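Examination of the molecular architecture
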Amino acid sequence: MTRPTPEAIRLVFLGTPEFAVPSLERLAREPDFRIVLVVTQPDRPAGRGRELRPPAVKRAALALGLPVVQPASLRDLAIPERIVAVSPHVGVVVAYGELVPKRLLDLPSHGFLNVHPSLLPKYRGASPIQAAILNGDPITGVTIIRLTPSLDAGPIVRQVSVPIREDDTAGTLSERLALVAAEMLPETIRDWIAGRIVPIPQDERAATYTRPLGKEDGRIDWSNSSEAIARAVRAFQPWPSAWTTLAGKVVKILKVHSIELDVSLPPGCMVPLRSILAVATGTGGLALDVVQPEGKRPMSGIDWWRGLRVDPGVCFDERANDRPSAPGSLPVDAA
């Protein structure tokens, strides 16, 4: 007698940016999983032409032949019907970009699991990767939680630590964490469905929060220490980029390293030293390795300086005093 084939685990996947793509692709490859619906954000205008572009998850889902819906909001009254119609065992949320309403949470028979790129309860919210780099943390990680109505507050289902490298940017760290999440998800889902996981409540006393980033967050305050500015350059790469202005024009600072600066200059003032361009900070100095002047391609700091034809000691424009605080409930560590 042949044994009946076990029923595939039916998944609804919610995700939007590139960070979610490795998880979607990995789950789609698992023979005992069936992704019955992909929910992602609507196409958005992008680029100079402001043409509509699909989110990364939509592109990946269509390439995999998966059904996709793009509601303007998860509060769309049609979404519960779509989810109920496909009878999912579990929902998986990876960087969707909107809170999942309470009325959706119990529609899958085993609820929703959510992937978050931090060691919860630290750095709940929208920018945990940037916050970890800004604060000089040596490690971060990926946490999978049972989704609840409160922001990133559900009980922990599984958690893995990931070291932060000295040269990590938000971009490179995000790529590594996305791969870790993709590796974690299949076995976690199987164990969750089988009842082999007892979720652990988060310690609310240890919870911290981050907020969405805006362009103004990237503006450099040269009165900060060189170490703090160097972390900000890495944390805000690739977006919103660390930036400053010279004669009213934006200059993106893409790569720096700390140096000893023997000359006495006010913070934000520059001087060429042999093959590097140095800038004074509140404590110490920085070498501007790679910069991108407004309207131009990235170039070395010293090549940019040579093209300026200005005297040593010229200073970046004084920063505005109303710059928003860094994205965390705790202040950025002062190095």
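Data block above holds the structure.
All of the points below concern the structure found in this document. From a predicted model like this one, the values you see are computed outputs, not experimental measurements.

1. A word on the overall build of the protein chain
Of the regular secondary structure elements, the protein chain holds eight helices and 17 strands. Dimensions of the protein chain, computed from C-alpha atoms along their principal axes, come out at roughly 85 × 45 × 40 Å. Put simply, 68% of the contacts in the protein chain that link residues at least 6 apart link residues at least 24 apart. Summed over its atoms, the accessible surface of the protein chain is roughly 16800 Å², and 53% of this surface lies on carbon and sulfur atoms. A distance of 4 Å separates the average location of the 39 positive side-chain charges in the protein chain from that of its 36 negative side-chain charges.

2. Let's talk about a nonpolar patch on the surface
There is a patch of nonpolar side chains on the surface, built from L99, L151 and Y209 and spanning about 270 Å² of accessible area. Turning to its location among the elements, L99 is positioned in the loop between strand 6 (90–94) and helix 4 (102–105).

3. A short note on the side chain of H116
With respect to the element layout, H116 can be found in strand 7 (residues 112–116). In this structure, H116 is in contact with Y123, R124, G125, P128, G141, V142, T143 and D152, ignoring residues within four places of it in sequence.

4. Some thoughts on the pairing of strand 6
With five of five residues buried, strand 6 is to be regarded as a mostly interior element. Neither face of strand 6 is exposed, since V90, V92 and V94 on one face and G91 and V93 on the opposite face are all buried. Alignment of strand 1 (residues 9–15) against strand 6, held across five bridges, turns out to be parallel. Each residue of the ladder has a partner; that of V12, found in strand 6, is G91. Sheet analysis places strand 6 next to strand 7, joined by four bridges and oriented parallel. Across the sheet, residue V92 finds its bridge partner in strand 7, namely L113.

5. Observations concerning the packing of aromatic side chains
Enumeration according to the criterion identifies two aromatic pairs in this entry. On the basis of an interplanar angle of 10° and a centroid distance of 5.2 Å, the ring pair of W222 and F316 is categorised as stacked. Placement of the pair is W222 in the loop between strand 11 (209–210) and helix 7 (226–235) and F316 in the segment after helix 8 (301–308), with a sequence separation of 94 residues. F316 matches W222 in its accessibility class, with the two residues each being buried. Measuring from centroid to centroid gives 6.1 Å for W304 and F316, while their planes differ by 5°, and the two rings are stacked. Of this pair, W304 sits in helix 8 while F316 sits in the segment after helix 8, and the two are 12 residues apart along the sequence. Accessibility assignment for this pair places W304 and F316 in one class, buried. In textbook terms, an aromatic cluster arises when at least three aromatic residues are bridged by ring pairs, as seen for W222, W304 and F316.

6. Considering the nonpolar core
Grouped together as the largest cluster of nonpolar side chains are 46 residues, with contacts concentrated most on F13, L24, L27 and I189. No other element matches the nine residues that helix 6 (residues 170–193) contributes to this core. Not counting chain neighbours up to four residues away, the residues in contact with I189 comprise I9, L11, L27, F33, V90, V92 and L113. V233, L277, L286 and I302 belong to the second largest nonpolar core, which has 20 residues in total.

7. Details of the sheet that holds strand 1
Judged by pairing direction, the sheet is mixed, and its seven strands sit side by side in the order 5-2-1-6-7-9-10 without closing on themselves. With one partner strand each, in any of the chains shown, strand 5 (68–69) and strand 10 (156–163) form the two edges of the open sheet. As paired elements, strand 1 and strand 2 (residues 33–39) share six bridges and run parallel to each other. Paired with L14 across the bridge in strand 2 is V39. Sheet contacts for helix 6: strand 1, strand 2, strand 6, strand 7, strand 9 (139–146) and strand 10; angle to strand 10, the most-contacted strand, approximately 150°.

Cut-offs and rules
- Residues numbered from 1 in each chain as written.
- Predicted model: local features only at pLDDT ≥ 70, side-chain atom pairs only at ≥ 80, totals over all residues.
- Heavy atoms only, no water.
- Helix = DSSP H or I, 4+ residues; strand = E, 2+ residues; numbered from the N terminus.
- Contact = heavy atoms within 4.5 Å.
- Areas by Shrake-Rupley, 256 points an atom, 1.4 Å probe, with all protein chains shown as cover.
- Lys, Arg positive; Asp, Glu negative; His and termini not counted.
- Charge placed at Lys NZ, Arg CZ, Asp CG, Glu CD.
- Patch = residues over 30% accessible without salt bridge, like charges linked within 9 Å, V, L, I, M, F, W, Y side chains within 5 Å.
- Salt bridge = Lys/Arg side-chain N within 4 Å of Asp/Glu carboxyl O.
- Buried < 20%, exposed > 50% of the residue type's maximum accessible area, 1.4 Å probe, protein only.
- Pairing = 2+ DSSP bridges.
- Phe/Tyr/Trp six-rings, centres within 6.5 Å; stacked < 30°, edge-to-face > 60°.
- Core = buried A, V, L, I, M, F, W, Y, C linked by side-chain atoms within 4.5 Å.
- Axes fitted to C-alpha atoms, helices over the stretch in contact; angles between N-to-C directions.

On their own, these measurements won't tell you what the molecule is for.
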